[in-house]
Amino acid sequence: MFHKVLIANRGEIAVRVNRACHGLGVQTVAIYSQADKDAMHVSEADEAYCVGPGPAARSYLDVANIVSTALATRCEAVHPGYGFLAENARFAEICGDHGLVFIGPRPPVIGAMGDKATAKRIMKEAGVATTPGSDILESVQKARDAAKRIGYPVLLKATAGGGGKGMRVVERPEDLDRAFASATAEAEASFKDGRIYMEKLLIHPRHVEVQVLADEHGTVVHLGERDCSIQKPSHQKLIEETPAPNLATKLRSALHDMAVKACKSVGYTNAGTLEFLVAGDRAYFMEMNTRIQVEHPVTEMVYGIDIVKEQIRIASGERLGYTQRDVQPRGHAIECRINAEDPQNNFAPGAGAVTGVAFPDGPGVRVDTHVYDGASVPPYYDSLLAKVVAFGDTRSAAIERMEGALRQTVIEGVRTTTAECLEILQTREFRDGTYDVGFLPAFMTGAAAASQAHG
Ligand code: MV4
């Protein structure tokens, strides 16, 4: 096991990783920006070093400062968390070049999965179901030919994308040329890579993802699936749960099998997530995330496995020590994200001082947070303040626990998504588990109309 690990992140995930390290007897080095000098991840780490000013480009994304801090403090490994440098193949490579273990898969695998068209081609070759579509479209004429073959409606996607940037729905041939031009321009502006590909548009899909763990000795296990369909129009997830409600047993096993097969075929190591779109009785591979995900706690509660500790153990060369039949899910878990956002104003992010905090506790309730009474929320970073997670023997028991937990959740000084999450839990779609990716955008439009009607 490592002696000391640098945590290249902030917020709740840096706190989470720090505690996993301490649980394994590993010392920790935190990095922070000037805006985060009083942050929880800084006070809990064994050592902490400022790597630059508030804007992430000059601190949490400053590779030279981070790598030299790791070397100067004699760290053996770097945990990237999520966001920032977590899926940057070049950063992982630079860590390796300096004798630091990057806690994640190998750099070429990160690179391959980061290019969505490449990832899809690799998965298709591995026998994973993919949405009917094209490879990279070299010209608008190629796009016209592809659309004719695939059949309208189609969706243009940026290969450097993910998260919806550079995506365009095209319903009719006469709209294709303009959509192709604007998707290319948006992708170029967002990623400095304007390459796009095409897929058949799936109607009312659900976002279902499979958690995997793979050690460096060839053992791969899946830890079931999560339904993450409750997402804002910006594609940020708000509520996630496992197991996915109303998923046919056959389709669930097919998803799990595809995920494990894919990992074996690409030589995947460490923790990862394969995202699928589920439409009707079929599932199609969408993307693979080569990092720990925000919503990992629901899986931990149902499988009783600490995924972050497993990431660190795997990176240090240890064997998983169990196989698929040894991991058994039990019960149901739901996560609600408490963001510093104003649900009344299109979830616009907020910043400021937190003036009062109360978090829920009790059996089957978990809170992952970095917020305390008096903490400041800087304007530079993502707005996640806390994740409230509830477990129950059944889905309805988990929902009931979550309702109680959210009613006990108080964060004063900034607007949060707490009440919005409670409202969503009350809807028929959530209760029945029949929601799809269209649910939250429609719910928000309806809620905005209702709030206007009531003055
Ligand atoms: C799709 C789709 C329908 N058909 N692909 C959105 C983000 C990006 N990573 C993939 N996305 C979608 N791809 C086909 N062929 C619908 C979406 C989509 C979506 C997916 C997951 C979660 C929320 C979503 C919201 C809108 C659209």
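Quick caveat, the model's predicted, so the values are computed rather than measured.

Turning next to helix α12 (residues 395-407). Its 13 residues give α12 an end-to-end C-alpha distance of 19 Å, which sits within 8% of 18 Å, the value for a rise of 1.5 Å per residue. For α12, the full list of buried residues reads Arg395, Ala398, Ile399, Met402, Glu403, Ala405 and Leu406. The arc that holds every buried residue of α12, seen down its axis, measures 165°, which confines them to one face. Exposed and oriented more than 90 degrees from the buried face of α12 are Ser396, Glu400 and Arg407.

Residues Phe2, Leu213 and Leu223 are the most contacted members of the largest nonpolar core, which totals 34 residues. Taken together, the elements giving at least two residues each to this core come down to β1 (4-7), α1 (11-23), β10 (220-231), α10 (296-303), α11 (307-315) and β21 (384-392). The residues that make up this core include at least three from each of domain 1 (4-103) and domain 3 (206-454). Contact partners of Leu223, with chain neighbours within four places excluded, come to Gln211, Leu213, Thr299, Tyr303, Ile305, Ile307 and Val327. Judged by nonpolar contacts, the second largest core, of 33 residues, contains Ile334, Ile399, Leu406 and Phe443.

Attention now goes to the pattern of salt bridges. One pass over the structure, following the stated rule, counts 38 salt bridges. Ionic pairing is found between Arg90 and Glu93, a salt bridge with its closest N-O pair at 2.7 Å. Note that Arg90 and Glu93 are positioned in helix α4 (residues 89-97) at a spacing of three residues, about one turn of the helix. Look at Arg90 and you get partly exposed, because its relative accessible area is 48%.

So, about unusual backbone geometry. Note the cis peptide between Tyr152 and Pro153, where omega equals -5°. Of note, Pro153 is situated in the loop between α7 (140-150) and β6 (154-158). With an omega dihedral of -5°, the bond running from Thr242 to Pro243 counts as a cis peptide bond. Within the chain, Asn246 stands out as a residue other than glycine whose phi angle is a positive 55°. With relative accessibility at 54%, the residue Asn246 sits in the exposed group. In this structure, Phe347 is a non-glycine residue whose phi angle is positive, near 60°.

All right, on to the domain arrangement of the protein then. Entries for the protein in the domain assignment read domain 1 (4-103), domain 2 (132-200) and domain 3 (206-454). If you average the C-alpha positions of domain 1 and of domain 2, the two centres end up 37 Å apart.

Another point: the packing of helix α5 (residues 107-114) against helix α6 (residues 116-125). Relative to each other, α5 and α6 sit at 105°, their axes nearing to 5 Å. In terms of orientation, α5 lies roughly perpendicular with respect to α6. Listed contacts from α6 to Ala112, Met113 and Gly114 of α5 are Lys116, Thr118, Ala119, Ile122 and Met123. Residues of the contact of α5 with α6, tallied by class, amount to five nonpolar, two polar and one charged.

Another point: the packing of aromatic side chains. Applying the stated rule across the entire model yields eight aromatic pairs. Here Phe91 and Phe102 contribute two aromatic rings whose centre-to-centre distance is 6.0 Å and whose plane-to-plane angle is 80°, an arrangement assigned as edge-to-face. Here Phe91, found in helix α4, pairs with Phe102, found in strand β5 (residues 101-102); they are 11 residues apart in sequence, far enough to count as distant. Here the two residues Phe91 and Phe102 agree in accessibility, since each one is buried. Look at Phe430 and Tyr435: their rings are 5.6 Å apart centre to centre, the planes differ by 5°, and that puts the pair in the stacked class. Here Phe430 matches Tyr435 in class, with each residue buried. Of the aromatic side chains, those joined through ring pairs into one cluster are Tyr60, Phe84, Tyr380 and Tyr381.

This part covers the pairing of β6. Of all five residues in β6, five are buried, a share of seventy percent or more. Looking at chain direction, β6 and strand β7 (residues 168-170) are connected through three bridges and run antiparallel. By the bridge assignment for β7, Val154 is matched with Val170. As paired elements, β6 and strand β8 (residues 196-200) share five bridges and run antiparallel to each other. Of the residues in β8, the one forming a bridge with Ala158 is Ile196.

Turning next to the sheet that holds strand β19 (residues 365-369). Strands sit in the order β13-β12-β9-β10-β11-β14-β21-β19 across an open sheet of eight strands; the sheet is antiparallel. Only two strands of the sheet have a single partner each, and these edge strands are β13 (282-289) and β19. The average angle at which neighbouring strand axes cross in this sheet is 25°, direction not considered. Where strand β14 (residues 332-339) lies against β21, eight bridges are found, and the strand directions are antiparallel. Bridged to Cys336 within β21 is Val388. Contacts from helix α9 (residues 249-266) reach β9 (206-214), β10, β12 (270-279) and β13 within the one sheet, and its direction differs from that of β10 by about 120°.

Conventions used here
Residues numbered from 1 in each chain as written. Predicted model: local features only at pLDDT ≥ 70, side-chain atom pairs only at ≥ 80, totals over all residues. Heavy atoms only, no water. Helix = DSSP H or I, 4+ residues; strand = E, 2+ residues; numbered from the N terminus. Expected span 1.5 Å × (residues − 1). Buried < 20%, exposed > 50% of the residue type's maximum accessible area, 1.4 Å probe, protein only. Arc of directions from axis to C-beta. Core = buried A, V, L, I, M, F, W, Y, C linked by side-chain atoms within 4.5 Å. Domains from an automatic or database assignment. Contact = heavy atoms within 4.5 Å. Salt bridge = Lys/Arg side-chain N within 4 Å of Asp/Glu carboxyl O. Axes fitted to C-alpha atoms, helices over the stretch in contact; angles between N-to-C directions. Parallel < 35°, antiparallel > 145°, perpendicular 65-115°, else oblique. Nonpolar A, V, L, I, M, F, W, Y, C, P; charged D, E, K, R; others polar. Phe/Tyr/Trp six-rings, centres within 6.5 Å; stacked < 30°, edge-to-face > 60°. Pairing = 2+ DSSP bridges.

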